[in-house]
Structure formats: structure tokens, C-alpha cells
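Coordinate inspection notes
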Amino acid sequence: MEPEIDDDALLVAAVDDPEAFAQFYRHHVRGVLAYFRRRTNDAETAADLTAETFAAALEGRRRYAPDRGPAAAWLYGIARRRLIALQRRGRVERGARRRMGMARIELTDELLERVEAIADAELARVDVALAALPDDQAAAVRARVLEDRGYEDIAAAERVTEPTARQRVSRGLAALRAHLRSQEP
């Protein structure tokens, strides 16, 4: 097992060190794949979007600034934009992959089943971790991350202030991250 290095440090190091980006990729590929699988309900689209996201992250790694937020949030911001692009155009954007010279992976039935199994396993891990959170944090994380709702909307639905909604999401995500890291294979 590789030594644990902070994601922010990995992404900063990735500017000059390809192995640092590879390690960052390994930390997040299952989560990003599950993110897309849950939202698209299609393994092939999820795999394409995951490849697009990491190609864009690799291409844009020099623009990452740790003082503006965590590396994982930066990555999921890219993922969210890829998903929005898909929804707007009805297809996966292939531009970043082409610019990076990455060939499209043709998925066989066996590979599609593997993508689905990985995504399903990751989603099950997240569901278990969410169930371990206090109810208010779990609800806030589900609303923000899984349902992509804004903090203002979450605050109104939970009848709390927006800063309280942000705090619940933040604390819930920190606890979720710690739980998932403790359970990594």
C-alpha cells in the first residue's frame, strides 16, 4: 500500500511529478466513477465522463490553488461541469480527451460489468458511511452532493440558517471522508 499523502499536496506536486497525479487519480477514480454512475445510470457514459474529468484535471492541474479549496472539491467541480455539459448537449464532451491524445476506451460487456461492479461497490460503501452520520449531517450531505441542491435550498428545507447548512455539509463530508479512508481496500 502506498503512503498516505494529502490530496492537496499530491495535486500541487503533480505539476512536475506524473506519479503524484497517478496517486491522486487512484484516490479518486472510484468515487468519481460512482458519482457519474449514480447520475447517468449508464456505465459506459460514467466511464467516459470519468476519463474526461481526469483528462481535464491533468490538463488543468497547474490552475489548482490549495488556498481556494480542497483538491477533491476542485476535482468534483470539474466532474460537475462535465455532467452539465453532457446534460446540455446530450453526449459526452470529447475535447479534453482529444487534446490529451487519449484514445476512447471501447468498453466490452465484460468491462461494462466491471465498471458497474466498481461503481455499485463504491456506492454501497458511501451508503454505509452516510448511515453512520448524524441524521442532520447525512441529510445535508445527501441534499448537497447527491441531489446537487444549493445551500440556500438546503437551509430552507431544514429550517436552519445557510451557515448552519454549510457547516452540516462540511462536517458530514469530513466524517464521510474519514470513514471511507479507514475502509479503503
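The following paragraphs examine the structure supplied in this document.

**Digging into unusual backbone geometry**
Unusually for a residue other than glycine, Asn41 sits at a positive phi of about 55°. Looking at where Asn41 falls in the secondary structure, it is placed in the loop between helix 2 (18-40) and helix 3 (43-60). Of the residues examined, Asn41 reaches a relative accessible area of 62% and is grouped as exposed. Even without being a glycine, Arg159 presents a positive backbone phi close to 60°. Mapped onto the elements of the fold, Arg159 is located in the loop between helix 8 (151-158) and helix 9 (162-182).

**Notes on the packing of helix 7 (residues 135-146) against helix 9**
As a packed pair, helix 7 and helix 9 sit with axes 8 Å apart at the nearest point and diverge in direction by 95°. Considered as vectors, helix 7 and helix 9 are oriented roughly perpendicular to each other. Contact residues: helix 7 offers Asp136, Gln137, Ala140, Val141, Arg144 and Val145, while helix 9 offers Ala165, Arg168, Val169, Arg171, Gly172, Leu173 and Leu176. Tallied by class, the residues present in the contact of helix 7 with helix 9 amount to 7 nonpolar, 2 polar and 4 charged.

**Topic: helix 6 (residues 109-131)**
For helix 6, which comprises 23 residues, the first-to-last C-alpha distance of 32 Å matches the rise-based estimate of 33 Å (1.5 Å per residue) to within 8%. When we look at burial in helix 6, the residues that qualify are Leu112, Val115, Ile118, Ala119, Glu122, Leu123, Val126, Ala129 and Leu130. Residues of helix 6 that are buried sit in contact with helix 2, helix 3, helix 7 and helix 9.

Rules of the game
What you see as residue numbers is a count from 1 along each chain, following the sequence as written. With the structure being a predicted model, the display of local features is reserved for residues of pLDDT at least 70 and the display and counting of side-chain atom pairs for 80 or more, all residues being used for whole-chain, interface and lining totals. To obtain the side-chain values, all non-hydrogen atoms of the structure were used and water was disregarded. Strands here are runs of E lasting at least two residues and helices are runs of H or I lasting at least four, both read from the DSSP assignment and numbered beginning at the N terminus. Note on classification: 1.4 Å probe, protein chains only; a residue is buried when its accessible area is under 20% of the maximum for its type, exposed when over 50%, partly exposed between these limits. The axes are straight lines fitted to the C-alpha atoms, using for helices just the contacting stretch, and the angles between their N-to-C directions are given from 0 to 180°. Oblique is the label for any angle not covered by the other classes, which are roughly parallel (under 35 degrees), roughly antiparallel (over 145) and roughly perpendicular (65 to 115). We call two residues in contact whenever any of their non-hydrogen atoms come within 4.5 Å of each other. Residue polarity follows a fixed list, in which Ala, Val, Leu, Ile, Met, Phe, Trp, Tyr, Cys and Pro are nonpolar, Asp, Glu, Lys and Arg are charged, and the others, Gly among them, are polar. Helix span, expected: 1.5 Å multiplied by one less than the number of residues in the helix.

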